[in-house]
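Commentary on secondary and tertiary structure
Read off the chains here:
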Amino acid sequence: MSEKTSIGDRIVAAGFAAGWKLVPLLPQRPTAAVFRLLADRVWRKRGKSVRRLESNLARVTGMDAGSAELRELSRAGMRSYFRYFHEVFRLPSIPRPEIVRRTHVIGAEHIHDTLATGRGVVLALPHMGNWDAAGAWLVGVGHPFTTVAERLRPESLFRRYVAFREGLGMEVLPLTGGDGHNFGTLAGRVRKGGVVCLPAERDLTKSGIEVRFFGATTKVPAGPPLLAVQTGAALLPATVYFVGDDWGIHIHEEIPVPAEGTRQEKVAAVAQAMTDVFEKGIAEHPEDWHMLQRLWLEDLPK
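Computed from a predicted structure; not experimentally measured.

Observations regarding the overall build of the chain
For the chain, the count of helices and strands is 11 helices and nine strands. In terms of overall size, the chain behaves like a compact globule, its C-alpha atoms giving a radius of gyration of 19 Å where 302 residues would be expected to give roughly 19 Å. Along the first, second and third principal axes, the C-alpha atoms of the chain reach 50 × 45 × 40 Å. When each of the 302 residues of the chain is scored for burial, the buried share is 50%. Sequence-distant contacts, at least 24 apart, represent 74% of the contacts inside the chain between residues at least 6 apart. Accessible surface computed for the chain: about 14600 Å², of which carbon and sulfur atoms make up 54%. Measuring between centres, the 39 positive side-chain charges of the chain sit 8 Å from its 33 negative side-chain charges.

Comments concerning the nonpolar core
In summary, soluble globular proteins display a tendency toward joint burial of nonpolar side chains. Of all hydrophobic cores here, the largest spans 92 residues; its most connected members are Leu 123, Tyr 161 and Trp 289. With residues up to four places along the chain from it excluded, the contact list for Leu 123 reads Ile 111, Leu 138, Val 195, Val 196, Cys 197, Leu 198, Leu 236, Ala 238 and Ile 251.

Points about the pairing of strand 6 (residues 209–213)
The side chains of a regular strand alternate, first on one face of the sheet and then on the other. Residues Ile 209, Val 211 and Phe 213 point to one face of strand 6 and are all buried, whereas Glu 210 and Arg 212, pointing to the other face, are not buried. Here strand 6 folds back onto strand 7 (residues 216–220), and the loop between the two strands holds two residues, one of which, Phe 214, carries a positive phi near 55°.

Quick look at the pairing of strand 2 (residues 121–125)
The element strand 2 is extensively covered by neighbouring structure, given that five of its five residues are classed as buried. Of the two faces of strand 2, the one carrying Val 121, Leu 123 and Leu 125 and the one carrying Val 122 and Ala 124 are both buried. Sheet topology note: the strand 2/strand 5 (residues 195–199) ladder contains five bridges and is parallel. When the bridges of strand 5 are listed, Leu 125 appears paired with Pro 199. As paired elements, strand 2 and strand 8 (residues 234–243) share four bridges and run parallel to each other.

Parameters at a glance
- Residues numbered from 1 in each chain as written.
- Predicted model: local features only at pLDDT ≥ 70, side-chain atom pairs only at ≥ 80, totals over all residues.
- Heavy atoms only, no water.
- Helix = DSSP H or I, 4+ residues; strand = E, 2+ residues; numbered from the N terminus.
- Rg over C-alpha atoms; globule rule 2.2 N^0.38 Å.
- Buried < 20%, exposed > 50% of the residue type's maximum accessible area, 1.4 Å probe, protein only.
- Contact = heavy atoms within 4.5 Å.
- Areas by Shrake-Rupley, 256 points an atom, 1.4 Å probe, with all protein chains shown as cover.
- Lys, Arg positive; Asp, Glu negative; His and termini not counted.
- Charge placed at Lys NZ, Arg CZ, Asp CG, Glu CD.
- Core = buried A, V, L, I, M, F, W, Y, C linked by side-chain atoms within 4.5 Å.
- Pairing = 2+ DSSP bridges.

Quick look at the structure:
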């Protein structure tokens, strides 16, 4: 890692540390306005991340690249993205009953009814809305869960993010640098009738599963569909979005595992069905889809 990158990482970590310390002490509306202004400033500069967001949104919506309509959508997308970070800093200070009250859920019975039978649940989510608030809601209604977190740089920022999520009631496993047995741990949790929540619409590694997504090929993580196939847990796709000043969650129906075929074929079929649900949810709330990276294989560098 270069010295420049190290300094940049430390600045980011210091900014997050200050955010968690100071933002909850200040009035909500003024700080929310500041984050919107920051989002607009980044949007106007139209840097690499904003251009990638617009490219992704153009594929999702069919809007013309460079159109005024697409530009306005990307502006809403950046405001949604910055709203997520503003709320991350405030979430630890929001009482759990308030989070539950302000979360509007469609399909909560799919979680409650499944767990009541003693069967585990795998919740798979795209990067939408405020997934940490969604997790706080899930804990607040009596279902603590296990998730996996990307190992951020520097290590101090990763530890703070883990502490933040653990403070909300989640069990957090590191994606890398742990004991190397994440899948076994997750499988054990759902086999005991627990809940696992995993991000599931982007995995461009060799282990990712190819799927069709908005008319082109990408890869999604093998973990959620493989857990459903291997353990018999119910795979429930969920889409998360903002509802005014509140939060919305749509828990979709279980993705069935095919009765016939090899394990690889079953996993591929479940992955595609899961992605189809994500496609519908993202199309309904494109401004709350926070995908500022390359996603489709044809967009990757040759």
